[in-house]
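Coordinate analysis (summary)
Listed here are the chains, written in short residue letters.
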Amino acid sequence: MLDSPQQEIEILEGVMGSPRDPDSRAFAPLADALRRAGELDRATSVIEEGVGRHPEFASGWIAAGRVHQDAGRSGEAADAFGRAAGLDEENAVALMGVGALAEAADDVEGALSYYRRAFELDHMDPSLQERIELLEMAPPSAPAEVETPAEEAPALDMDALAPEAPAEEEPVLDMGALAPEAP
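Please read these numbers as outputs of a predicted model, since none were measured by experiment.

What follows deals with unusual backbone geometry. Even without glycine at this site, Asp-106 takes up a positive phi of about 65°. Its location among the elements puts Asp-106 in the loop between α6 (92-104) and α7 (108-121).

Between its first and last C-alpha, α7 extends 20 Å over 14 residues, near the 20 Å set by a 1.5 Å rise per residue. When we look at burial in α7, the residues that qualify are Gly-110, Ala-111, Leu-112, Tyr-115, Ala-118 and Phe-119. Buried residues along α7 sit against α6 and α8 (126-137).

Looking at the element boundaries, Thr-44 is found in helix α3 (residues 40-53). Separated by 2.8 Å, the side chains of Thr-44 and Arg-73 make a polar contact. If near-sequence neighbours (up to four positions away) are discounted, Thr-44 is found in contact with Val-67 and Arg-73.

Residue position: Glu-133 is located in helix α8. It is 9.3 Å that separates the C-alpha atoms of Glu-133 and Leu-112, two residues lying 21 residues apart in sequence.

Rules of the game
- Residues numbered from 1 in each chain as written.
- Predicted model: local features only at pLDDT ≥ 70, side-chain atom pairs only at ≥ 80, totals over all residues.
- Heavy atoms only, no water.
- Helix = DSSP H or I, 4+ residues; strand = E, 2+ residues; numbered from the N terminus.
- Expected span 1.5 Å × (residues − 1).
- Buried < 20%, exposed > 50% of the residue type's maximum accessible area, 1.4 Å probe, protein only.
- Contact = heavy atoms within 4.5 Å.
- Polar contact = N/O pair within 3.5 Å; in protein donor to acceptor, adjacent residues only side chain to side chain.

All quantities given are derived from atomic positions and should not be read as evidence of function.
Shown next as structure tokens:
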């Protein structure tokens, strides 16, 4: 085991520039090590070059998803995790990545869908089982209310709100007829 992330980075950079393996796929662990070391700009550069050379490498796209996610680029992260899942439909890590992004966007049903599929593939991840259980217990989020500007609000039909007139006129009671006669 390496003593520091910097040692890991140095070793992986050596592998990347090696004449024995000029077209190395070591870009994925290198970008991940840079990401963990907080060097997101370098990690982004390494990962973009790497997936450009190896667009069929699912692990490269997973590393790309993590780099983009840590850099706050959720759209790019979702694309990268989606590419990984498209290349390897049984890649639980890619599915969990997309699920985490859906959860962060408050898409509970979407997150559950990805997490459940990932759990089908990887029953041994207790944190994933916990995540699913927590999301299943969460109250459903209320749909966003859309306010209608006053000028677009439909006019009320006041006639429709008025009670219907009786079909026949009721006779008017003559109150004078009920008064006692004067002596």
